[in-house]
Amino acid sequence: MSAFDLPWLVADIGGTNARFGLVTSLDERPSNVAVLAGADYDTLPEAVAAYLAQHAGGVRPGAACLALAGPIDGDRYRLTNSAWAGSVRDLGIPYARLLNDFEALAVSLPHLDGDDLVSLGGPAPGHGVKAVLGPGTGLGVGGLVPAEHGWTPIPGEGGHVTVPVVDARELEIVRVLQARGLPHVVAEHVLSGPGLVRLHRALAEVNGVSAPELSAADIVARLDDSLCAETVEVFCGMLGSFSGNVALTLGARGGVYLGGGVLPRIVERVCASDFRARFTANPDMSAYLEGIGTALIVAPQPALTGAAAWLSQHARRELVS
């Protein structure tokens, strides 16, 4: 077997789940998609082997593109919210490459159809620079820049910038978190699944009420609980400010897209929230931001689509050269 022989393995590896799929023909979305719990495996190669054996008929991929939630250094990776670390060479696949997870999500953007997106306001996303971000186990950020022969993704660690705070309530939340052992509160500390839990606890203290310890899933599910509702409201507002900051930093006139594991569960609540108002509420650049479309990605496995598109692009280049 040689590099780029089909099928290809694609993966989206987060701090909680490892998502895998197979590409069996060019220009088609991945098939045989399966989600494995990362905690069930000590290493990434073990998870890959389990997927290929249990969900892919034991095939041997000719190429692989793996998107991981953490910094990439050449062929080496280290997940931010997991103990998995090592080299992609350990997989023994002829052609294997690593992408940051939001780098892969960025590559997917031109390949998403209308039903894959829900508008959060503003004009339809255009062809210019695009930004993508989203809360999951952490908070990912990436970009996509038009190039002569397609698109170039921009990886980053923007989720670790200082948390955006614009009102007294949010300032009190940050003070509570600092008192609880987070001297420097970054965006990921509140704009993520674990961040929802921190927000809920902090708001209980700010409001002077007692509240049970709830998971992020419980918080977003309790529609009739006033503190849970306020938690989601604050979350969406701060996410709007953060998204506006990302749009300004990247000059994302081609649109800002939201992904991650949290938001698809609360689509209607994000649409009804202050997200868009906070996105445009920059005193100096509101007109600029009003001209940028915002959309929520609801496609089931967009990072796998991005990884497949990245492999397809590089396979075509290899064949031409």
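Predicted model only: the values in this text are computed from it and were never measured.

Here we take up the environment of arginine 201. Counting through the fold element by element, arginine 201 comes out in helix α4 (residues 193-207). Ignoring sequence-local partners within four residues, the contact set of arginine 201 consists of Arg180 and Glu213. In this structure the side chain of arginine 201 is engaged in a polar contact, spanning 2.6 Å, whose partner is the side chain of glutamate 213.

Take the pattern of salt bridges next. Pairing is possible between side chains of opposite charge, provided their charged atoms come close. Inspection of the entire model under this criterion finds nine salt bridges. A salt bridge links arginine 169 to glutamate 230; the shortest N-O distance between them is 2.9 Å. Of the two residues, arginine 169 is situated in helix α3 (residues 168-179) and glutamate 230 in helix α6 (residues 226-250); the sequence distance between them amounts to 61 residues. Using a relative accessible area of 28% as the deciding quantity, one classes arginine 169 as partly exposed. The exposure class of glutamate 230 is buried, given its relative accessible area of 17%. We note a salt bridge from arginine 201 to glutamate 213, for which the minimum N-O separation is 2.6 Å. One end of the pair, arginine 201, is in helix α4; the other, glutamate 213, is in the loop between α4 and α5 (216-221), with 12 residues separating them in the sequence. Accessibility expressed as a relative area gives 36% for arginine 201, which makes it partly exposed. Among the residues examined, glutamate 213 registers a relative accessible area of 58% and is labelled exposed.

Here we come to α4. Given a rise of 1.5 Å per residue, 15 residues ought to cover 21 Å, and the 21 Å separating the end C-alpha atoms of α4 matches this to within 8%. Those residues of α4 that fall on the buried side of the exposure criterion are Gly193, Gly195, Leu196, Val197, Leu199, His200, Ala202, Leu203 and Ala204. Against α3, α5 and α6 lie the buried residues of α4. N-cap assignment for α4: the residue whose side-chain oxygen lies 2.9 Å from the backbone N of glycine 195 is serine 192. Directly beyond the C-terminal end of α4, a positive phi value near 70° is found at glycine 208.

All right, on to the packing of α4 against α6 then. At a minimum axis separation of 9 Å, α4 and α6 run at an interaxial angle of 115°. Crossing of α4 over α6 shows right-handed handedness. Between α4, through Leu196, Leu199, His200, Leu203, Ala204 and Asn207, and α6, the contact on the second element is made entirely by Leu227, Cys228, Glu230, Thr231, Val234, Phe235 and Met238. Across the contact of α4 with α6, the residue classes break down as nine nonpolar, three polar and one charged.

Those places that UniProt annotates as "binding site: ATP" (unreviewed entry) correspond, in this numbering, to Ala11, Asp12, Ile13, Gly14, Gly15 and Thr16. Following the sequence through the fold, alanine 11 ends up in strand β1 (residues 8-13). On the accessibility criterion, alanine 11 (0% relative accessible area) is buried. Those residues in contact with alanine 11 that sit more than four places away from it in its chain are Arg19, Phe20, Cys65, Leu66, Ala67 and Leu304. Position of aspartate 12 relative to the elements: it lies in strand β1.

Moving on to the packing of aromatic side chains. Throughout the structure, instances matching the rule amount to two aromatic pairs. On the numbers, 5.1 Å between centres and 20° between planes, the contact of phenylalanine 20 with tyrosine 51 is stacked. With a gap of 31 residues between them, phenylalanine 20 in strand β2 (residues 17-23) and tyrosine 51 in helix α1 (residues 44-55) connect regions that are remote in the sequence. With respect to class, phenylalanine 20 is no different from tyrosine 51; both count as buried. Judged by centre distance (6.2 Å) and plane angle (25°), the ring pair of phenylalanine 275 and phenylalanine 279 falls under stacked. Within this pair, phenylalanine 275 and its partner phenylalanine 279 are both found in helix α8 (residues 275-280), separated by four residues, close to a single helical turn. Given the relative accessible area of 1%, phenylalanine 275 is considered buried. A cation sits over an aromatic face here: arginine 253 above tyrosine 288, 4.4 Å from the ring centre.

For the rest of this paragraph, the subject is the sheet that holds β1. In space, the five strands of this open sheet follow the order β3-β2-β1-β4-β8, with mixed pairing throughout. At either margin of the open sheet sits one strand with a lone partner, and together these are β3 (31-37) and β8 (95-100). Along the sheet, successive strands turn relative to each other by an average axial angle of 15°, direction set aside. Summarising the sheet, strand β4 (residues 63-68) and β8 pair through six bridges and their orientation is parallel. Its bridge partner being in β8, cysteine 65 is matched across the sheet by arginine 97. Helix-sheet contacts for helix α2 (residues 101-108) involve β1, β4 and β8, and the interaxial angle to β8 is about 95°.

This brings us to the sheet that holds strand β7 (residues 85-87). Spatial strand order, β5-β6-β7: three strands in an open sheet with antiparallel pairing. If you trace the sheet from one side to the other, it starts and ends with β5 (72-73) and β7, each paired once. When strand β6 (residues 76-78) meets β7, the two strands line up antiparallel, connected through three bridges. When the bridges of β7 are listed, tyrosine 77 appears paired with glycine 86.

Criteria and thresholds
- Every chain is numbered on its own, with residues counted from 1 as its sequence reads.
- Only residues with pLDDT of at least 70 get local features here, since the model is predicted, and only at 80 or more are side-chain atom pairs given and counted; chain-wide, interface and lining totals rely on the full set of residues.
- Computation of side-chain values covers all heavy atoms of the structure but excludes hydrogens and water.
- Strands are runs of DSSP state E lasting at least 2 residues, helices are runs of H or I lasting at least 4, and numbering of each runs from the N terminus.
- Here, residues are in contact when the closest pair of their heavy atoms is within 4.5 Å.
- The term polar contact refers here to a pair of N or O atoms within 3.5 Å; inside protein, the definition further demands a hydrogen-donor-capable atom paired with an acceptor-capable atom, and it admits residues adjacent in sequence only when both atoms are side-chain atoms.
- Note on definitions: salt bridges are taken to be side-chain nitrogens of Lys or Arg within 4 Å of carboxyl oxygens of Asp or Glu.
- Between buried and exposed lies partly exposed: a residue is buried under 20% and exposed over 50% of the maximum accessible area for its type, with that area taken using a 1.4 Å probe on protein chains only.
- Here the expected span of a helix is defined as 1.5 Å times the quantity of residues minus one.
- Axis definition: a line fitted to C-alpha atoms, limited for helices to the stretch in contact. Angles are taken between N-to-C directions and run from 0 to 180 degrees.
- With the far helix as reference, a near helix turned anticlockwise by less than a right angle produces a left-handed crossing, and one turned clockwise produces a right-handed crossing.
- Residue classes follow a fixed rule: Ala, Val, Leu, Ile, Met, Phe, Trp, Tyr, Cys and Pro count as nonpolar, while Asp, Glu, Lys and Arg count as charged, and any other residue, Gly among them, counts as polar.
- UniProt positions are given in the numbering used here, feature names are shortened, and annotations may be inferred rather than shown by experiment.
- Stacked, tilted and edge-to-face are the three classes assigned to paired rings of Phe, Tyr and Trp, where Trp is represented by its six-membered ring and a pair needs centres within 6.5 Å; plane angles under 30 degrees give stacked, over 60 edge-to-face, the rest tilted.
- Any Lys NZ or Arg CZ found within 6 Å of a ring centre and within 35 degrees of that ring's normal is scored as a charge over the ring.
- Strands are labelled as partners when DSSP assigns at least two bridges between them.

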